[in-house]
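# Observations on the three-dimensional arrangement
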Amino acid sequence: MAFNTRKLPAFRRAAITGAAALLALTVSHPVQGTARNSAPAAAADVPLGFASVNALGQNGTTGGAGGRTVTATNAAQFLEYIDSLEPLVIQVSGTISITSKQGVRPNKTIVGVGSSDHITGGGLDFYRSYNVIVRNLRFTDAEDDAVNIGQQSHHIWIDHNTFSGAVDGSVDIVRGADYVTVSWNHFDHSDKSMLISHSDGAAGTDVGHLKVTIDHNFFDHSRQRHPRVRFGEPVHVLNNYFLSNELYGVASTENAGVLVEGNYFENVAHPLHSAGGYADSGPGRAVQRGNVFVGSGTPETAGTVVEPRTYYPYTVDPAQSVPAAVRAGAGAGKLAVAAGQGAPL
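For clarity, every value in this text was computed on a predicted model and none was experimentally measured. (Residues numbered from 1 in each chain as written. Predicted model: local features only at pLDDT ≥ 70, side-chain atom pairs only at ≥ 80, totals over all residues. Heavy atoms only, no water.)

Looking now at the packing of aromatic side chains. The way to describe two aromatic rings as a pair is by their centre distance and the angle between their planes. What the rule picks out here adds up to 13 aromatic pairs. Taken together, a centroid distance of 5.9 Å and an interplanar angle of 55° make the contact between Tyr-312 and Tyr-314 tilted. The burial state of Tyr-312 is the same as that of Tyr-314; both residues are buried. One aromatic cluster is present, formed by Phe-139, Phe-163, Phe-187, Phe-219, Phe-242, Phe-265 and Phe-293 through successive ring pairs. Of note, Arg-309 hangs over the ring of Tyr-314, and the distance from its end group to the ring centre comes to 4.0 Å. (Phe/Tyr/Trp six-rings, centres within 6.5 Å; stacked < 30°, edge-to-face > 60°. Buried < 20%, exposed > 50% of the residue type's maximum accessible area, 1.4 Å probe, protein only. Lys NZ or Arg CZ within 6 Å of the ring centre and 35° of its normal.)

Below you can see the structure in the form of structure tokens.
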């Protein structure tokens, strides 16, 4: 598939021309139906939502575009590449066993090259990092968090991965992080799927930050935190499939502002907490619209929330179509078959 890049903005031309190897793994954005940005997007390495917003000196999220493409087949190579100061497209091939949480420096794309590439035993840590893409990987049995986005990190895109078995969070977004998109991931029987702000005492670092888009993820028999939010606004929970979540779906606490839109909740007794807070955390604000609840409880809403459209344009899939689309497209190994996302490049 060929396309003319001359009409695209400069940073999008760089994303296309500087990461040709990565593009072979990606698919076209949907022409219609799936929530997306209205800005030009030739391929799916332009995220929708907050990771696409120009802010904090960063024009969207382009990862390692323009840098070298390297391949990691063992832990030593992988750790060397993610700690490099240069922009890199890091292709992960096979199983990489690591420990603890390993830091990722700015301007990286970390992508599995096949259908079963795998990081196990440890996770990725973002400390004042930015402009990073993580795609098409399985994360299993992390001894702490599988992905921890913290300490004012921004413009991070976590896309088409599968998470299971983490001792703590699958994806945590904390300590003033901002402009993050978590999309098309499969949270497979995870416990603590996603925490946004780590503590009731974190207002000083988190108020005014933690702007996150969570779209088209499959929360598959995962227990809790899809997400659990403190302070962040807006957090946009869009077109996700919630299936048999034991404790709850979404919790908005500590005056967070969460929009829950176009999702499908199936067999979720407590789809949304807000006005009553959750556990020891005080109440938050939440708006729900266009969701479907099957065999599920009544969502708890409260107050108003800043509209995500003040930051980015998007459309919404009908909630009834979400289970089929997300089952077909979410998780590692699904980039070429994500429902509605067009043909492979």
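Moving on, we come to the environment of Gly-303. With respect to the helices and strands, Gly-303 occurs in the loop between β29 (292-294) and α5 (322-329). Once the C-alpha coordinates of Gly-303 and Val-287 are considered, the two residues, 16 residues apart in sequence, prove to be 7.2 Å apart. The residues touching Gly-303, leaving out its near neighbours within four places in the chain, are Arg-285, Ala-286 and Val-287. (Helix = DSSP H or I, 4+ residues; strand = E, 2+ residues; numbered from the N terminus. Contact = heavy atoms within 4.5 Å.)

Strands sit in the order β6-β9-β12-β15-β18-β21-β24-β27 across an open sheet of eight strands; the sheet is parallel. Looking at which strands have only one partner, the edges of the open sheet turn out to be β6 (101-103) and β27 (272-273). Pairing of strand β18 (residues 192-196) with strand β21 (residues 228-230), which is carried by two bridges, proceeds in the parallel orientation. Paired with Ile-196 across the two strands is Val-229, which belongs to β21. (Pairing = 2+ DSSP bridges.)

The next point concerns the confidence of the model for the protein. In the predicted model, the protein carries a mean pLDDT of 87, and 84% of its residues have values of at least 70. In the model, residues 1-43 has pLDDT below 50 throughout and makes 95 contacts with residues more than four positions away in sequence or in other chains. Taken as a whole, residues 337-345 scores under 50 in pLDDT and shows 27 contacts with residues more than four places along the chain or in a different chain. (pLDDT = per-residue confidence, 0-100.)

What follows covers the nonpolar core. With 51 residues, the main nonpolar core has Phe-78, Ile-110, Ile-149, Val-171 and Ile-173 as its most contacted residues. The contacts of Ile-173, once residues within four sequence positions are left out, are Ile-149, Val-180, Val-182, Met-194, Leu-195, Ile-196, Ser-197, Leu-210 and Val-212. Ranked by size, the runner-up nonpolar core spans ten residues in total, among them Tyr-241, Val-292, Val-322 and Ala-330. (Core = buried A, V, L, I, M, F, W, Y, C linked by side-chain atoms within 4.5 Å.)

Within the secondary structure, Asp-220 sits in strand β20 (residues 218-220). Of the side chains bearing the opposite charge, Arg-327 lies closest to the buried Asp-220, which forms no salt bridge; the N-O distance is 5.9 Å. When neighbours within four sequence positions are excluded, Asp-220 is seen to be in contact with His-186, Phe-187, Asp-188, His-189 and Leu-243. (Lys, Arg positive; Asp, Glu negative; His and termini not counted. Salt bridge = Lys/Arg side-chain N within 4 Å of Asp/Glu carboxyl O.)

Pairing is parallel in the open sheet, where nine strands are placed in the order β5-β8-β11-β14-β17-β20-β23-β26-β29. Edge positions in the sheet fall to β5 (95-97) and β29, since each has one partner strand and no second. Going from strand to strand, the sheet's axes swing by 10° on average, the running direction of each strand aside. The strands touched by α5 within the sheet are β20, β23 (241-243) and β26 (264-266), with β23 carrying the most contacts at an inclination of about 90°. (Axes fitted to C-alpha atoms, helices over the stretch in contact; angles between N-to-C directions.)

The residue Asn-54 is located in strand β1 (residues 54-55) in this model. Residues Asn-54 and His-155, 101 residues apart in the sequence, show an inter-C-alpha distance of 9.1 Å. Each residue touching Asn-54, except ones within four places of it in the same chain, is listed here: Asn-59 and Gly-60. A polar side-chain atom of Asn-54 sits 3.1 Å from the main-chain amide nitrogen of Gly-60. (Polar contact = N/O pair within 3.5 Å; in protein donor to acceptor, adjacent residues only side chain to side chain.)

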